[in-house]
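Each chain, written out:
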Amino acid sequence: LNMVQAIWTRSKSDVSEDEHLEFYRYISNSYDSPRYTLHFTTDVPIAIQSIFYIGESHTEKYGMARMEPGVSLYSRKVLIQSKSKLLLPEWLRFVKGVVDSEDIPLNISRENMQDSALIQKINNVLTKKIISFFSSEAKKDPTKYQEFYNEFSVFLKE
C-alpha cells in the first residue's frame, strides 16, 4: 500500500521536515538526509509545483555507473514519466525530486515530449530556479555551500 502523499502539492509551510525526509528517501532510494530542499511553486510562465532534493553525496565518485536523472514528471498528480531526462540538463542529474504541471496534457506521449516546446520551457524555468537557489544558498551559508560544492563540483563543471 502506497502511503506516500503528493507533498509537492501542499504549501511549503505545511510540509514537515520528517515528511521531506521520508519523501526524499522514497524517491531517491537512499538512507541519507537531503543536504538541500527546494520546494518551488510558480504560475508564470507555466504552472509548476515541485520539490527538489540534493543529497549528502553521490555514487559516481565510488566508481559506480553514471547516475540516472532523478526527477519525475507528473501532471495533476498522475505520473507521466519517471526519471525524465528532459526536465533538467544532464549536469543536474544529482538532483532528485518531482515536477507537477497542470499545463502538460495527460495524454502526452514520450515521443511528443522530446519535441515539446512546453517541456523545454519547463526545463529552462527549473534550471534557472535551481541555479538561483544555489547562488542564494552560497550567500546564506558559505560553509555548507562549500561542502556541497566539494562533493558535487564535478557535475557543476560539466
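Reading the values: rules and limits
Residues numbered from 1 in each chain as written. Predicted model: local features only at pLDDT ≥ 70, side-chain atom pairs only at ≥ 80, totals over all residues. Heavy atoms only, no water. Buried < 20%, exposed > 50% of the residue type's maximum accessible area, 1.4 Å probe, protein only. Helix = DSSP H or I, 4+ residues; strand = E, 2+ residues; numbered from the N terminus. Pairing = 2+ DSSP bridges. Expected span 1.5 Å × (residues − 1). Arc of directions from axis to C-beta. Contact = heavy atoms within 4.5 Å. Polar contact = N/O pair within 3.5 Å; in protein donor to acceptor, adjacent residues only side chain to side chain.

A. Examining the pairing of strand 1 (residues 36–42) more closely. Summarising burial for strand 1: 5 of the 7 residues are buried, a large majority. Pairing of strand 1 with strand 2 (residues 48–54), which is carried by 7 bridges, proceeds in the antiparallel orientation. From the neighbouring strand, Leu38 faces strand 2, where its bridge partner is Phe52. Between strand 1 and the antiparallel strand that follows it, strand 2, lie 5 residues.

B. Molecular detail of the pairing of strand 3 (residues 70–75). Counting buried residues along strand 3, 6 of its 6 residues qualify, which places the element largely inside the surrounding structure. The alternating pattern of strand 3 places Gly70, Ser72 and Tyr74 and Val71, Leu73 and Ser75 on opposite faces, both of which are buried. Two elements, strand 3 and strand 5 (residues 95–100), share 5 bridges in a ladder whose sense is parallel. Residue pairing in the sheet places Val71 in a bridge with Gly97 of strand 5. Here strand 3 runs beside strand 4 (residues 78–81); their pairing, made up of 3 bridges, is antiparallel. Counterpart to Leu73 in the pairing with strand 4 is Gln81.

C. Spatial organisation of helix 1 (residues 17–28). End to end, helix 1 covers 16 Å across 12 residues, agreeing with the expected 16 Å (1.5 Å per residue, within 8%). Among the residues of helix 1, His20, Phe23, Tyr24, Ile27 and Ser28 are the ones counted as buried. End-on, the buried residues of helix 1 take up no more than an arc of 110°, which puts them together on one face. Summarising the contacts, the buried residues of helix 1 are in contact with strand 1, strand 2 and strand 5. One or two residues past the end of helix 1 sits Asn29, with phi positive at roughly 55°.

D. Quick look at the side chain of Ser72. The residue Ser72 is located in strand 3 in this model. Looking at Ser72, the relative accessible area reads 11%, which means it is buried. Side-chain polar atoms of Ser72 contact the backbone nitrogen of Lys83, separated by 3.3 Å. The contact partners of Ser72, leaving out residues within four places of it in the chain, are Leu79, Gln81, Ser82, Lys83, Leu87, Gly97, Val98 and Val99.

Any functional reading would require information beyond the geometric quantities listed.
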